[in-house]
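A look at the structure
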Amino acid sequence: MENMEMMNAVLADPFAYARKLQKDTGRKIIGYMCSYAPEEIIFAAGAHPLRLFSSGRNILAADGHLQSYCCSLVRGVLENALTGNYDFLDGMIFPHTCDSVQRLSDIWRLNIPHGFHCDVVLPVKLDTVSARQYMQDVLRLFCADLEKTLQVKISVSGLRQSIALFNEIRTALQKLYALKNNYPEMISGKDLYTILKAAAVMERNDYLKNLQALIKEFSGTTVRIDKPVSRRLLLTGGVCSHPDVYTMIEEAGGTVVDDDLCTGARYFSGIIADTSDPIAALADRYCARAICPAKHQASNTRAENILQKVKAGNVAGVIFLLLKFCDPHAFDYPYLKAALDKAGIPNILIEIEDQLLAQGQTKTRIEAFLENL
Amino acid sequence: MAENDPEKEKRKIKSVKKMKAIMTKYYRQAKLAWLTRKKVAWITSGGPVEPLIAMDIIPVYPENHGAMIGASKMGRDLCGKSETMGYASDLCSYARADISCAPLKGGPIGGLPKPNMLICCNNICGTVLKWYEIQARYFRVPLFILDTPFCHTQFTKEASQYVRLQINEYIAFLENICKKKMDYDRMKEVGRLSVEGQRLWQNVLDTACHKPAPLSAFDAFFHLALIVTLRGTQIAVDYYKELLAEMRARITGGIGAVSTEKYRLLWDNLPIWYRTKWLSEKFAAADTCLVADTYTSAWCGALQYIDENNFLNSMAEGYSRIYLNIGIDEMARQVVNMIDKYDVDGLVMHSNRSCKPYSFGQLDIQRIVREKRGLPSLMLEADMVDERYFSESQIATRIDAFMEMVKERKGS
């Protein structure tokens, strides 16, 4: 599995990978933190979109800007920025999501001297005609901002090519998840996690080649077990930065067959239509794809989406991974739990921090949950 | 003894009684809406209430309700109950208290009247979006969201068009529920009254420029209720006219909120509702008046963008550019302006666990204030409603140490 090894190597030090890419190809590296970042536009502008994760360091410098009741993801990313870990970034973009990221954007703009800074003030509601129009307007503004800052021209054909590439990546990831769903033992959770994370780090053409090769390899493996013995689980939450969670689940006799995560299925849900107005098509995907709880569609959308996944994936139990101090997810938890309870789907809430996982406690809880399934 | 202390009697703001009567009547009418067949809308504190008034819909404010819960010291209990419903203890305590109040009919007024619709404007936070989604599911009523794009550094032409279109959608939403058309003449009049009310409120707050200040931020926290709940009505206009006259009379009579006012401070963030009296007395004992705050002025801070003769068109910008929907550098600029305007000696910041958009960025604002004006500042860690996050001994010690600094600086 040399493709898997390669992705593991990239993720061992994503910043080193990005620095090398920048040096070797001269491409500008543009950071972002959220699956609403229009990567397709960044790529079409000849730059490389790099998703930032915090690197597990202690928070020291960020304490001077953000109180302790801010989530560890936002604090961790700011820590990296303040200590120079991101000094290779040519720019950073902030799509509008939650209150904490919105303030992080201000703090970044005022305190991080290197690279350009750009707010992409997306609409919060996604279910009206005017919101869809505004979504297009904002994406067009973003194109204009990038063209000006990077001194490039983003052409319609360039955008369409970029969209085609990202569509291929998304289609391949959907295929990968379908494989995992059908033959859970074929792909380990840790590998699945790595593959998804690499999608936001690697040069996208290289990534697609790797991904397609991996899918071929997986499909050809003989470990297919047609009657899975593991208990089938779904993960839901925001950003998961803990591959160990998957391992703990597998050691306890479970397997993750699907998810509703920002770093998982929400990233690749929805394909962008190939039309003469690529920006409108991009906007349409954002309005239609599975939503982050910081955005609004009809008030029941997330529960419906999760229940549908549970049914389609023959899921036995749901694990909520709640990043401490993540307001949008914490507000949604009771209603999602109630919907699952009503449908008779066992579920458990595990509170996580972005940097450190409480190994012992998390393991015990996962084991207890799986024993009772 | 304190009851008939003539000095204390003289210092009491007489309008308080009237204010209480207006608020009692307002809540009684709202609670009896089912009898009078009037529709009730729940609306966020920064939301555009004017179209509701013009449509004869009774606006009710869950955030005002949250403040009442806090002030009646019922926050601990109700927030605790929301936790048993599955809500994390670090979520906004207004939201937690209100959410647990709905099924329990708890709180100081036995719960808010049931809404016929929910109006949520996200110009103050993303929390209200989640809160109103929860209530929309609970009460099974329609929810209208007025999405005001965040103005980090600018209010774009595109954002302006988007908000303006939504105001039309908002009015159509109301017309559909009420089964009647908007009366645009009435709307014009409500818009005019709203602007007049906001102007009067600003005038009331401005009287604190005088030394000694005739009212403190703690008084403003109380008298704020009408500009929030009855903005756009003649009642609010009449009340603030009276309050303004009383403040002017206090200035003429040399009556200050703190009789021994030597030091003047600016407050940032929401009040600590269950400890306003304690804090007010604590500062007064140090000859200190908190003369102004960034919170109560938020209801008149966007006046510059509103054209009273063209209210519906200009309110898009007015509602989008309020204090919490702007970047922290712009917030710092406004804080510095207030420091100069009210001639204060220091800044007290409430680092409020409940309000992330208000609190994140405070450390940068603190630094900017120090650089620009060299003023001492104090950061108090607490929560606006949930008493469990308030440590009296720790806060008392920090206030004492801070006041030493303020005194030393002013003395030198």
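Structure's up top.
Residues numbered from 1 in each chain as written. Chains lettered and ligands numbered in written order. Predicted model: local features only at pLDDT ≥ 70, side-chain atom pairs only at ≥ 80, totals over all residues.

This next bit is on the overall build of chain B. Counting its secondary structure elements, chain B contains 19 helices and eight strands. The globule rule puts the C-alpha radius of gyration for 412 residues at 22 Å, and the 21 Å found for chain B is close to it. If one aligns the C-alpha atoms of chain B with their principal axes, the spans along those axes are about 65 × 50 × 45 Å. By residue count, 53% of the 412 residues in chain B fall in the buried class. In chain B, once contacts between residues fewer than 6 apart in sequence are set aside, the share between residues at least 24 apart is 78%. (Helix = DSSP H or I, 4+ residues; strand = E, 2+ residues; numbered from the N terminus. Rg over C-alpha atoms; globule rule 2.2 N^0.38 Å. Buried ≥ 20, exposed ≤ 12 C-beta atoms within 10 Å, placed from the backbone. Contact = placed C-beta atoms within 7 Å.)

Moving on to the overall build of chain A. The secondary structure content of chain A amounts to 15 helices and eight strands. Compactness check: chain A gives a C-alpha radius of gyration of 20 Å against a globular reference of 21 Å for 373 residues, within 12% of the reference. The principal-axis extents of the C-alpha atoms in chain A amount to approximately 60 × 45 × 45 Å. Taking all 373 residues of chain A together, the buried fraction comes to 51%. Contacts in chain A between residues far apart in sequence, at least 24 positions, make up 74% of those at least 6 positions apart.

This next bit is on helix α5 (residues 62-71) of chain B. Residue and element names in this part refer to chain B. Here α5 lies mainly inside the structure; nine of its 10 residues are buried. Among all positions of α5, only Pro62, Glu63, Asn64, His65, Gly66, Ala67, Met68, Ile69 and Gly70 are buried. Looking at the buried positions of α5, the neighbouring elements they touch are β1 (40-43), α6 (75-84), α7 (93-104) and α12 (225-229). Of the residues flanking the end of α5, it is Lys73, one or two places downstream, whose phi is positive at about 55 degrees.

So, about the sheet that holds strand β3 (residues 91-95) of chain A. All names here are of chain A. The sheet built from four strands is open, its strands ordered β2-β1-β3-β4 with parallel pairing. Where the open sheet ends on each side, the last strands, each with one partner, are β2 (48-51) and β4 (116-120). Sheet twist, expressed as the mean angle between neighbouring strand axes with direction ignored, is 25 degrees. Pairing of strand β1 (residues 29-32) with β2, which is carried by four bridges, proceeds in the parallel orientation. By the bridge assignment for β2, Gly31 is matched with Leu50. (Pairing = 2+ DSSP bridges. Axes fitted to C-alpha atoms, helices over the stretch in contact; angles between N-to-C directions.)

On the chain A side, the residues contacting the 41 residues of chain B number 43 residues. Mapped by element, the contributors of at least two residues to the side of chain B that touches chain A are α8 (127-139), β4 (143-146), α9 (157-178), α16 (328-342), α17 (356-359) and α18 (362-373) of chain B. Among the elements that line the side of chain B that touches chain A, the one with the most residues is α8 of chain B, at seven residues. The class makeup of the residues in the side of chain B that touches chain A is 19 nonpolar, 11 polar and 11 charged. (Nonpolar A, V, L, I, M, F, W, Y, C, P; charged D, E, K, R; others polar.)

All names here are of chain B. Taken together, four strands build an open sheet; the order of strands is β2-β1-β3-β4 and the sheet is parallel. Each edge of the open sheet is held by one strand with a lone partner, namely β2 (58-60) and β4. On average, adjacent strands in this sheet sit at an angle of 25 degrees to one another, irrespective of strand direction. Direction of pairing for β1 relative to strand β3 (residues 117-121): parallel, over a ladder of three bridges. In the sheet register, Ala41 faces β3, and the bridge partner there is Met117. Contacting β1, β3 and β4, α8 runs over the sheet at an angle of about 170 degrees to β3.

Glancing now at unusual backbone geometry. All names here are of chain B. A cis amide bond links Lys211 to the next residue, Pro212, at an omega of -5 degrees. Topologically, Pro212 is positioned in the loop between α10 (184-206) and α11 (217-223). In this structure, Arg140 is a non-glycine residue whose phi angle is positive, near 55 degrees. Within the fold, Arg140 resides in the loop between α8 and β4. The exposure class of Arg140 is exposed, given the 8 C-beta atoms found within 10 Å. Look at Asp287: it is not a glycine, yet its phi comes out positive at around 55 degrees. Within the secondary structure, Asp287 sits in the loop between α14 (276-284) and β6 (288-293).

Take the packing of helix α14 (residues 327-342) of chain A against α8 of chain B next. Here α14 of chain A crosses α8 of chain B at 10 degrees, and the two axes come no closer than 9 Å. Here α14 of chain A lies roughly parallel to α8 of chain B, going by the angle between them. Residues Asp327, Pro328, Phe331, Asp332 and Tyr335 of chain A of α14 of chain A touch α8 of chain B, and the partners they reach there are Thr127, Lys130, Ile134 and Arg137 of chain B. In terms of residue class, the contact of α14 of chain A with α8 of chain B is made up of four nonpolar, one polar and four charged. (Parallel < 35°, antiparallel > 145°, perpendicular 65-115°, else oblique.)

We now examine the pairing of strand β7 (residues 346-352) of chain B. All names here are of chain B. Counting buried positions along β7 gives seven out of seven residues, so the element sits mostly inside the fold. Across the two faces of β7 the burial is the same, with Gly346, Val348, His350 and Asn352 and Leu347, Met349 and Ser351 all buried. Judged from the four bridges that link them, strand β5 (residues 263-268) and β7 form a sheet pairing that is parallel. The residue of β7 that forms the bridge with Leu265 is Gly346. The pairing of β7 with strand β8 (residues 377-382) spans six bridges and is parallel. Bridge assignment links Leu347 to a residue of β8, and that residue is Ser377.

Moving on, we come to α9 of chain B. With 22 residues, α9 of chain B should reach 32 Å at 1.5 Å per residue; the first-to-last C-alpha distance of 32 Å fits that figure. For α9 of chain B, the elements touching its buried residues are α6 (129-150) of chain A together with α4 (50-54), β4 and α15 (311-320) of chain B. Positive phi appears at Lys179 of chain B, one or two residues downstream of α9 of chain B, with a value of about 55 degrees. (Expected span 1.5 Å × (residues − 1).)

All names here are of chain B. Among the structural elements, Cys92 can be located in the loop between α6 and α7. Spatially, the C-alpha atom of Cys92 lies 9.3 Å from that of Asn352, the residues being 260 residues apart in sequence. If sequence neighbours within four positions are ignored, Cys92 has contacts with Thr127, Ser354 and Cys355.

Quick look at the environment of Leu122 of chain A now. All names here are of chain A. By the secondary structure assignment, Leu122 is in the loop between β4 and α6. We classify Leu122 as buried; it has 25 C-beta atoms within 10 Å. When the C-alpha positions of Leu122 and Ala37 are compared, they lie 9.7 Å apart, and in sequence the two are 85 residues distant. Beyond its immediate sequence surroundings of up to four residues, Leu122 is in contact with Tyr36, Pro95, His96, Met135 and Val138.

Another aspect to go through is the packing of helix α8 (residues 189-198) of chain A against helix α10 (residues 243-251) of chain A. Residues and elements named next belong to chain A. In the contact formed by α8 and α10, the axes pass within 8 Å of each other and the chain directions differ by 160 degrees. In terms of orientation, α8 lies roughly antiparallel with respect to α10. Judged by the twist between their axes, the crossing of α8 over α10 is right-handed. In contact with Gly189, Lys190, Tyr193 and Thr194 of α8, α10 contributes Pro243, Tyr246, Thr247, Ile249 and Glu250. (Left-handed = near helix turned anticlockwise from the far one by under 90°.)

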